[in-house]
Structure formats: structure tokens, C-alpha cells
Amino acid sequence: MTEETGTAKTGGAALLGTNATVASLDRVRVDASDQPLTTNQGVRISDNQNTLKAGLRGPSLLEDFVLREKITHFDHERIPERVVHARGSAAHGYFEAYDALTKHTRAAPFAEKGKITPVFTRFSTVAGERGSKDTARDARGFAVKFYTDEGNWDLVGNNIPVFFIQDAMKFPDLVHAVKPEPHHGMPQAASAHDTFWDFVSLMPESTHMLMWVMSDRGIPRSYRMMQGFGVHTFRLVNDQGESVFCKFHWKPLQGTHSLVWDEAVKISGADPDFHRRDLWEAIESGEFPEWELGLQIFTEEQADGFSFDVLDSTKLIPEELVPVTPVGRMVLNRNPDNFFAETEQVAFCAAHIIPGIDFSNDPLLAGRIHSYVDTQITRLGGPNFHEIPINSPIAPVQNNQRDGLHRQALPRGKVAYEPNSLAGGCPFQTGATQAGTAQPRTNGFVSFPEATAEDKVRGKPAKFAEHYTQATLFFNSQSDVEKAHIAAAFRFELSKVGVPAIRERMLSSLVNVSQELAAEVAAGLGMEIPDTMPKATANPQTPKVTVSPALSLLALPGECGIRTRQIAVLVDNGVHIDSLLSLHDALVEAGAVVHFVGPRVGMFVGDSGAGIEANKSMENSPGFLFDALVLPDGSQAVKALAGNEHTAAFIQDLFKHCKTILALGAGRELLGMAGIGQVSEKDEGVLLADSTDAAKVAPAFIDAVAAHRHLSRLTGPPTK
Ligand code: HDE
């Protein structure tokens, strides 16, 4: 770290070891080793077991300040949860610029090639409460705080590039509709209920976003395997005051991968912390997740030529119109020390921008610029939340704001106003530079002087009225399997809607997206396809792009092979140990996490007399928690496993969720026992080998696991 700024100027590799720790956090990281227990006043505590009483069996005494301080603090441990995005997980890391981007922006993180900026990134679901499950069908938050040397910049995005609504005015309505219904507080972390579908079926502008949320994007495999998007159009401004528009894209090196619905539902019961655990464990094991930041840069003139409005957050810009230019990478390399102090207290804010970045006139963004500061005042208890270490910038802060609840800063002197002469005019404003003239870096933030001269109105521009073209573009850009999953998600969600008129209204909207989709969903609900919902625009502009392959999840398989993939190897007494160990070594070498899973945890004796330890059991870790499965050889073990009540379901779930299964030697009998005796020849995800060939089959197994899923296998085990 350089002393003046707190940011390292060295390459990213150097930071892997040292961490891009924010200086303000270092001040408050405390360690209790060898320390005595004290009260909050620093008084040492002699007895932390018993209250002060008048006699051993007598009444407790009011004067017991040790007890009272402890209980009082406990009584106030909880703070209000975020009104949306309450459930989330975060990590520290850094952003590294590939090149100077000074042609387009003077923003500090892009000032020079190789520049490193510390970040703190929080991922979240939207609708569920703080303790809700990770694998709900929902959009995911993707919020990055850049601690730049010119102030904090928060890029508060989602894993989906569009949003439900066009105007901030509708946000409270949207959130009230998706949250648990107010009369009985159900359902938790789920959009599959009347009020959500009532609202969205009356808001055709939400159709495009619905397509994304009902797609597999709504049930990601991991926070590490999601794209991120800034959603709104932003501005970049260079040091000449010249501006272009831009959209922000995060692309995961791990690839984009998702769960299937049955799997998501089961995981939510067995491990509600599935995504939190995945992120934590990957970072703890040194598998630092990485994303590439890309920009779609375009001019106002280009934007005018699009068939949609770039100020409309329900629309994306197809990459065929404006390609995504890679500008840097983000690596998350350190877990928080304390969940509450960091992940819970971090306050992201769409209004936190820095010189070189500016807002567009997107009316949804305008509401966000207000909302985030406002909500922290309730959530974090006052206006000084910027002083909480995780929120405080590494750039120096000096101003005349004073006092308020929980103030930490201790400003010296008698001056808290400007202009002043008593403090030499300090802190002083840095002055603005006019557009078209060079701005030195010491100059302050200058809003881009966009000209405006129109009537004050409540309303929308004409292009905002077209709601279906991009929903259709999205659907038509999906693979057949993805389309089938979208139809199944609509069917499931609408089947949970109790009011037939809502189902019908939603279906009539889907007809505008795709006849094929509407027919599939209608059949699944036992309904006829209703009349088409009237469109607000009779003659929308013809879109230039009608299929965009980049919109399919399959477009980004990733570059990480089987790294961090969780592979279950079933074991029991009598298991053929040598084959498992050679396979284990090959898989670990390829970066997978191998778990020996037994009928119980603990030691088992293999056929050679050597021991093998199961770190998980089929009871505590069902099959759907793993990415792939190895069924072992060894007739005694196979017989014992076949007799276990969990084995069949363990194997069937992995098969049903299209994952890779390798059966060694007698292990193939377990496949038969689970009803998977006959496997289609097209299924490259079921491998059979003799145990003597375990090392030889490893590369093929690794390739099959790297394919993530074998989606041609859309059904469960063939019924016997
Ligand atoms: Fe947010 N949003 N939002 N939002 N949002 C919040 O801020 C809001 C929107 C997003 O990990 C809240 O600190 C309004 C779009 C993320 O802490 C709140 C509108 C996008 C997070 C708020 C939107 C987002 C939030 C709740 C419409 C994607 C979690 C607690 C005008 C681009 C950040 C908080 C974290 C959180 C308001 C729409 C992303 C209430 C009014 C669009 C990732 O301020």
C-alpha cells in the first residue's frame, strides 16, 4: 500500500498474498488472544458465570452493572435488515485496470494500466429476509464498492441486465407485491404467489425482466458463477469534460452456471447457506473468484438510432449493436473478519460516484440516487454511517458536516462553516472546470453539463411504451433446454397463483412474447391460450437484432474446468481403496473438492485393510449438494451401500439434475439399484470403468464434470 492513498500500485499478483485491505478496517480489527475479559469501560471481569446476589439463594442485585451492561447490549444487537436484498454475502478483493481508459473517463480506477483499487463486493437475493434461503428463484444483487483514491464509487448492480420497472415511482409497489403477503406473512423468499403475479401481469413493462428471472439466471449455481450488470446507462466523462454513455458488465471467469429447479428446492432445505458457504469456502481454499469488467461504450447519436430508449431500464443493448470492451478484472481474495461489522453494515449507494463517472437521466436511477442514503439512516441509525470502517473511504474526508448520532470524527478548532477566514478558508472547494477544457485531477466532481429545456411533466417518452420486443429477443436467444426451463418456471409460479384471472392475464401477456411459450405454459396449467393482451404501441420500431447468442447462459462456459467442483465419492467397508485414491489424486490435481461420503461419517476399512475416512454422510449431505458422483468398486461395500436407505435417492438426485456419474467395477450395480441401469448412449454424463482403469478414466470424467450438466438428460431415472 502506498502511504498517501492506501491503494497499492503494484500488480495484482502481489496483492494475492497481502490483500487489498482497506486502511480504515485495519484500525478496528481486534484480536482477543491473551486478553482478559472486560466491560465496555475496560474494567476487568472476575466472574462471567454468576449474577451478583444477596446470598447464594438470595435475590439478584440491581447494582450488578456487569450483568446489566451485558444484557442491555445483547438486547440491542439487531439492526433493521435491508428493506430489499436483506440476505447476502460479501468478500474483499481488488480491481485491476487492463489499460488506461483516460480517452473516455478520468475515473481513478481506470487512470493507468495495472492500477489496483481495493473493493468490497456483496451478493444478495432480493425478496427474502435476512435468514432466508440462498437458492430462492430471484434476481441477485451484485454490488461493488471501489475504494478509489478519489472517493468511494459504488456500482450497485444485479445479475440480470434489465429491471422490472421503468420508473422509481413503482418500486415500493413492486417490492410490496413480491414480499410476503401482509395478512399472513407468506410466502418467504418466493415470487410464486398472488400479489406478485397480480402486479406484474398488470405491468407489461416487467415482461422482459420476468423472462430473465424465470430463466435459469434466477437460480444460479453460485455467486461466483453469475454475470453482473450496472443495468442503467451511465456516463463516462474524460478530463476534457467530454462524455460518452456506457453500460457496465461483469463476466465471471468461473463461467455462468445454474441449478435446476428441483435441485434448488432441495438444496434450500439441506443447506439454506449454499451460496454463502460456496463463496466462503472457495476463498478460504485460495480459489479466488474473478470477474472481467467490460463496458459497452456508445454515443448519444448512436443511442438515438436504437429502436429502444437507453434510459429505459427494462431494455438492454444487444452486444451485436455495441460490443462489450474488457477494461479490467476483479478478484475477491479475502473473506470478511466479521459478518456483522462488514457484510451487514456495508452501505452501498447508487449515488456514490466519482469524477469521471456520471448519471444518465434514467428515471429509475434517479429514485435510487435518493433511496440508498435515506434507507441507511434508518438501518444504520443516523447520518454518520460513512464513518463505519467498512464504509469509510480511503480518500481523505474533510467537510463542515458535524455531529449526529454515533459521530466518530473529532474535528478540531472552532470553524465548521465556509466561507471562513478563521481557518484560512479551509477546507476549500476545489473549483470546477468548464466542459471542453482540461480538468486537473485535483479538481472536484463536476456534473456533466447536459442541456435540458423542456416542460416539467409526469410521463414517459414514446419508446418506453414498447414492452415485448426484447422479451422475445431473450426467449429466442435461448437453447431448447433453457426455453423448456423458462416455460416450467412460469408454469410452477402461475400454478401457485390462486386467482384464475391473474393466470389468464399473465398468459395473455406471454402470447405477445412467444406463441410457443404461451402454449407450453397454458398446457401446463390446463388452460386455453387466451386473447393477446393489447399492446401500448401499435407500430413499434423494428429491432435490428432479433437473436443474440450472448443472452444464453451457455455462451459463457468459463475457463476454470472443474476447479472448486464438489465431487462425492461413496464409501463403505470393503471399498476398493486403490482406485479411489488414484482418482482422488487426479481430481484434486484438477482443482476439484473431493468428499468421501459414507453411510455415516468416520473411518471405514477398505478391501486392502487400509482405512478411509468419510468426512460427510449421506444423511447430512444429500446427493443434490454435489456436482458429480463416483460409485466405488468393492463387492462388500457395494452390497452395504445398496442396503442403505439413502443410497438410491442420493444417486437418483444427481442423475435427475443432469450431473456426471462414474461407476467403477461393481459400483455399476448401484446404478441399477437406483433405476439407472439403462442409460441412453447419447448421455456422456454416465461413465463406467473397471477399477483398474480408474486413473485412465479420470480425464474423461474430468471433461464430463467440466461440462457442468448433461442437459440432454431432462428426466429422472427411467421408471422400472
Ligand atoms: Fe436497489 N435498493 N433499489 N436496486 N439494490 C437497495 O438499499 C432501490 C434497483 C440493489 O448489497 C436498498 O442499502 C430503489 C435496481 C442491490 O447492500 C434500497 C430502486 C438495482 C442492493 C434500494 C432500486 C438495484 C439494493 C435496500 C428503484 C440493480 C443491495 C438496502 C428506484 C441495478 C446492496 C439498501 C447491498 C438495495 C432502493 C432498484 C440493486 C432500499 C428505490 C434497478 C444490489 O435503498
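Above this note sits the structure.
Residues numbered from 1 in each chain as written. Predicted model: local features only at pLDDT ≥ 70, side-chain atom pairs only at ≥ 80, totals over all residues. Heavy atoms only, no water.

A. Broad picture of the overall build of the protein chain. Of the regular secondary structure elements, the protein chain holds 20 helices and 18 strands. The globule rule puts the C-alpha radius of gyration for 720 residues at 27 Å, and the 28 Å found for the protein chain is close to it. Principal-axis analysis of the C-alpha atoms places the extent of the protein chain at approximately 90 × 85 × 55 Å. Across the 720 residues that make up the protein chain, the buried fraction comes to 52%. Counted over contacts in the protein chain with a minimum sequence separation of 6, partners at least 24 positions apart contribute 75%. Averaging the locations of the 66 positively and 87 negatively charged side chains of the protein chain gives two centres separated by 3 Å. (Helix = DSSP H or I, 4+ residues; strand = E, 2+ residues; numbered from the N terminus. Rg over C-alpha atoms; globule rule 2.2 N^0.38 Å. Buried < 20%, exposed > 50% of the residue type's maximum accessible area, 1.4 Å probe, protein only. Contact = heavy atoms within 4.5 Å. Lys, Arg positive; Asp, Glu negative; His and termini not counted. Charge placed at Lys NZ, Arg CZ, Asp CG, Glu CD.)

B. Spotlight on the pattern of salt bridges. Under the definition given, this model contains 35 salt bridges. Residue D154 pairs with K145 through a salt bridge whose shortest N-O separation is 3.0 Å. Just as D154 is buried, K145 falls in that class too. Beyond isolated ion pairs, a larger network of salt bridges with shared partners links R87, D134, D271, D273 and R277. (Salt bridge = Lys/Arg side-chain N within 4 Å of Asp/Glu carboxyl O.)

C. Examining the nonpolar core more closely. If you look at the biggest cluster of nonpolar residues, it comprises 53 residues, and the most contacted ones within it are F164, W197, M211, F490, L510, L517 and V521. Within the residue set of this core, elements represented by two or more residues are α4 (171-178), α5 (194-201), α6 (207-214), α12 (469-476), α13 (480-495), α14 (500-513) and α15 (515-524). When residues no more than four places from it in sequence are discounted, the contact partners of M211 are A471, F474, F475, I486, F490, L510, V513 and L517. (Core = buried A, V, L, I, M, F, W, Y, C linked by side-chain atoms within 4.5 Å.)

D. Structural view of the coordination of the iron atom of the ligand. Within the protein, a single donor atom binds the iron atom of the ligand, namely Y372 (OH) at 1.9 Å. Relative to the helices and strands, Y372 resides in helix α11 (residues 363-379). (Donors = N, O, S within 2.8 Å, 3.2 Å for Na, K, Ca; no water.)

E. Region of interest: helix α18 (residues 647-656). Along α18, the positions that sit buried rather than exposed are T647, F650, I651, D653, L654 and F655. Residue C658 follows α18 closely and has a positive phi angle near 65°.

F. Layout of helix α17 (residues 635-642). Residues of α17 that are buried include every one of A637, V638 and L641, and no others. Projected onto a plane normal to the axis of α17, the buried residues spread over an arc of 100° and lie on a single side. Away from its buried face, by an angle of more than 90 degrees, α17 presents the exposed residues S635, Q636 and K639. Where the residues of α17 are buried, they touch β11 (566-570), α18 and α19 (668-673). (Arc of directions from axis to C-beta.)

G. Representation of the site of the ligand. Taken together, 22 residues are adjacent to the ligand, and R82, R122, S371, Y372 and Q376 come closest. Contact distances for the ligand include 2.7 Å between an oxygen atom and a side-chain N or O atom of R82. Among the secondary structure elements, those contributing two or more residues to the shell around the ligand are β3 (140-148), β4 (151-158) and α11. By residue class, the composition of the shell around the ligand is 11 nonpolar, 8 polar and 3 charged. (Near = heavy atom within 4 Å. Polar contact = N/O pair within 3.5 Å; in protein donor to acceptor, adjacent residues only side chain to side chain. Nonpolar A, V, L, I, M, F, W, Y, C, P; charged D, E, K, R; others polar.)

H. Spotlight on the side chain of N335. Here N335 shows up in the loop between β9 (325-334) and α10 (339-344). At 3.0 Å, the side chain of N335 forms a polar contact with the backbone oxygen of W280. Of note is the side chain of N335, whose polar atom sits 2.9 Å from the side chain of E284. If we ignore the near neighbours within four places in the chain, the residues touching N335 are H92, L279, W280, I283 and E284.

I. Structural detail: the packing of α6 against α12. Relative orientation of the contacting elements α6 and α12 amounts to 25°, with a least axis distance of 7 Å. It follows that α6 is roughly parallel to α12 by the angle criterion. Two secondary-structure elements touch here, α6 through T207, H208, M211 and W212 and α12 through Q470, A471, F474 and F475. Residue composition of the contact of α6 with α12, grouped by class: 5 nonpolar, 3 polar and no charged. (Axes fitted to C-alpha atoms, helices over the stretch in contact; angles between N-to-C directions. Parallel < 35°, antiparallel > 145°, perpendicular 65-115°, else oblique.)

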